[in-house]
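Reading the structure
The primary structure of each chain is shown beneath.
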Amino acid sequence: MAAVSDRLPAFPWDKLEPYKKTAAAHADGIVDLSVGTPVDPVPQLIRRALIEAADSPGYPTVWGTVALRDAITGWVRGRLGASTAEHRNVLPVVGSKELVAWLPTQLGLGAGDKVAYPRLAYPTYEVGARLCGAEAVVYDDPTELDPAGVKLLWLNSPSNPTGKVLAKEELVRIVAWAREHGILLFSDECYLELGWEAEPVSVLHDDVCGGSYEGIVAVHSLSKRSNLAGYRAAFVAGDADVLGELLEIRKHGGMMTPAPVQAATVAALGDDAHVEEQRERYAARRVALRTALEAHGFRVEHSEASLYLWVTRDEPCWDTVAHLAGLGILVAPGDFYGEAGARFVRVAFTATDERVEAAVKRLG
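Residues numbered from 1 in each chain as written. Predicted model: local features only at pLDDT ≥ 70, side-chain atom pairs only at ≥ 80, totals over all residues. Heavy atoms only, no water.

**Things to note about the overall build of the protein**
A count of helical and extended segments in the protein gives 13 helices and 13 strands. Compactness check: the protein gives a C-alpha radius of gyration of 20 Å against a globular reference of 21 Å for 364 residues, within 12% of the reference. With respect to the three principal axes, the spread of C-alpha positions in the protein is 55 × 50 × 45 Å. The buried share of the protein, reckoned over its 364 residues, is 54%. At a minimum sequence separation of 6, the contacts of the protein that also span at least 24 residues come to 75%. Entry remark: accessible area of the protein is about 15100 Å², with carbon and sulfur atoms responsible for 54%. Across the protein, the mean location of the 36 positive side-chain charges is 4 Å away from that of the 49 negative side-chain charges. (Helix = DSSP H or I, 4+ residues; strand = E, 2+ residues; numbered from the N terminus. Rg over C-alpha atoms; globule rule 2.2 N^0.38 Å. Buried < 20%, exposed > 50% of the residue type's maximum accessible area, 1.4 Å probe, protein only. Contact = heavy atoms within 4.5 Å. Areas by Shrake-Rupley, 256 points an atom, 1.4 Å probe, with all protein chains shown as cover. Lys, Arg positive; Asp, Glu negative; His and termini not counted. Charge placed at Lys NZ, Arg CZ, Asp CG, Glu CD.)

Quick look at the structure:
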């Protein structure tokens, strides 16, 4: 059993525990801005849909109900600008992290294959490569990679942790390069609806992919846009041949989204009002925290989208973590996301209004 776990890096969040204890000792309690988990209520229409589907004694299908596929394809066409998307171009998954971690294995990758992802990135891209024995490769610009052996290329726009957004022109160039070299491109777009100073664009947009989904797949989640992290509601969309293969594999593996969650997803994708309401909450928290951090001596870089501020005081990230923990504020060290983040911290604005206000006062 240890043979597989030995391939993996130490679980990063365990290293934060001592600082969490320090922050929790603050007289007014901890302000946890580290993980970025949603804290606001699940919208009522989504809860109703979940409850109404609670009497679901039979097995759900891996591909999901027709209603779910209708909802996903409708959203992909309308929101992402993928005008020709059909049922064969979508597949529900049990949360996006599961998909990211197990995708290289399900694609049949292994020793001698390369999985490429941004130099500053969500750690699970590397975990996925390690689980199947492939080589993890980082990039600043993917088109500067040696394409030999690269079987899977991850994009992440808006980026976690930096909030950087890839412009439409960049996406066009990268998609063309990946297709030229026969490299499968997966784009993690889970923060696409949280653009603040830039408008994120999907790789599936007609203007990016030319109306063809050959060789490209987008990953989307309802965790952030709809406060459904606890539901594990996500999906992928794009190349029908790739998704068809994944569907067959996932059928054998029993990777089924629970029926009540499928119904809740249909309700969530069919309503824009709750998404805008949540955006307004996050926008206010973002402004308050950014203003307070800058006044405290931090510099904010990128952060034009997503649920995080990528900040630095030009010191080692763990010194910054310790400093803020002393104020009762817990943040994520930048080196969790790669060596290039060693002098940054990631600050989530997913705390309640009351806790954000407490952080602002402490920073002042």
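**Brief notes about the environment of phenylalanine 235**
Locating phenylalanine 235 in the fold gives a position in strand S8 (residues 234-238). Judged by its relative accessible area of 1%, phenylalanine 235 is buried. Every residue in contact with phenylalanine 235, bar those within four places of it in the chain, is listed here: Ile72, Trp75, Val76, Leu91, Pro92, Val93, Ala218, Val219, His220, Leu222 and Leu269.

**Considering the pattern of salt bridges**
As enumerated under the stated definition, the model contains 25 salt bridges in all. Arginine 355 is the partner of aspartate 28 in a salt bridge, and the nearest nitrogen-oxygen pair spans 3.1 Å. With a gap of 327 residues between them, aspartate 28 in the loop between helix H2 (17-24) and strand S1 (31-32) and arginine 355 in helix H13 (residues 353-363) connect regions that are remote in the sequence. We classify aspartate 28 as partly exposed; its relative accessible area is 41%. Glutamate 315 is paired through a salt bridge with arginine 313; the nearest N and O atoms lie 3.1 Å apart. If you follow the salt bridges from partner to partner, you end up with Asp28, Glu354, Arg355 and Arg362 in one network. (Salt bridge = Lys/Arg side-chain N within 4 Å of Asp/Glu carboxyl O.)

**Details of the packing of aromatic side chains**
On inspection of all chains with the given rule, the structure shows 14 aromatic pairs. Each ring, one from tryptophan 13 and one from phenylalanine 336, has its centre 5.1 Å from the other, and the planes form 85°; the classification is edge-to-face. With tryptophan 13 in the loop between helix H1 (2-5) and H2 and phenylalanine 336 in the loop between strand S12 (332-333) and strand S13 (345-348), this residue pair connects regions lying 323 residues apart in the sequence. Residue phenylalanine 336 is classed as buried on the basis of its relative accessible area, which comes to 9%. Ring centres of tryptophan 310 and tyrosine 337 lie 6.5 Å apart, and the angle between their planes is 80°; this geometry places the pair in the edge-to-face category. (Phe/Tyr/Trp six-rings, centres within 6.5 Å; stacked < 30°, edge-to-face > 60°.)

**Examining the sheet that holds S12**
Sheet architecture is open: four strands sit in the order S9-S10-S13-S12, paired in antiparallel fashion. With partners counted over all chains shown, the strands left at the sheet margins are strand S9 (299-301) and S12, one partner each. Taken together, the two bridges between S12 and S13 define a ladder with antiparallel strand orientation. By the bridge assignment for S13, alanine 332 is matched with arginine 346. Where helix H11 (residues 273-295) meets the sheet, its contacts fall on S9, strand S10 (308-312) and S13, and the angle it forms with S10 comes to roughly 5°. (Pairing = 2+ DSSP bridges. Axes fitted to C-alpha atoms, helices over the stretch in contact; angles between N-to-C directions.)

**Observations regarding the nonpolar core**
The biggest cluster of nonpolar side chains holds 67 residues, and the ones touching the most others in it are Trp154 and Phe186. The element that contributes the greatest number of residues to this core is helix H12 (residues 317-326), accounting for five residues. Counting residues in hydrophobic clusters, the runner-up holds 45 residues, among them Trp75, Leu155, Leu192 and Ala268. (Core = buried A, V, L, I, M, F, W, Y, C linked by side-chain atoms within 4.5 Å.)

**Thoughts on the sheet that holds strand S7 (residues 216-221)**
Strand pairing in a sheet is mediated by backbone hydrogen bonds. Such pairs are either parallel or antiparallel. Pairing within the open sheet is mixed, and its seven strands lie in the order S2-S8-S7-S6-S5-S3-S4. Two strands in the sheet have a free side with no partner beyond their single neighbour: strand S2 (90-93) and strand S4 (135-139). On average, each strand axis in the sheet is inclined to that of its neighbour by 20°, with strand direction left out of account. Pairing between strand S3 (residues 114-118) and strand S5 (residues 150-156): three bridges, direction parallel. Of the residues in S5, the one forming a bridge with alanine 116 is leucine 153. Packing of helix H5 (residues 96-106) onto the sheet brings it into contact with S2, S3, S5, strand S6 (184-188), S7 and S8, and relative to S5 it is tilted by some 160°.

**Comments concerning the pairing of S6**
Of all five residues in S6, five are buried; the element is thus mostly enclosed. Of the two faces of S6, both are covered, the one formed by Leu184, Phe186 and Asp188 as well as the one formed by Leu185 and Ser187. With five bridges connecting them, S5 and S6 associate as parallel partners. In the strand pairing of S6, leucine 152 is matched with leucine 184. What joins S5 to S6 is helix H7 (residues 168-180), and the crossover it makes is right-handed. Where S6 lies against S7, four bridges are found, and the strand directions are parallel. Following the sheet pairing, phenylalanine 186 is matched in S7 by valine 217. (Right-handed = clockwise from strand over helix to strand, strands pointing away.)

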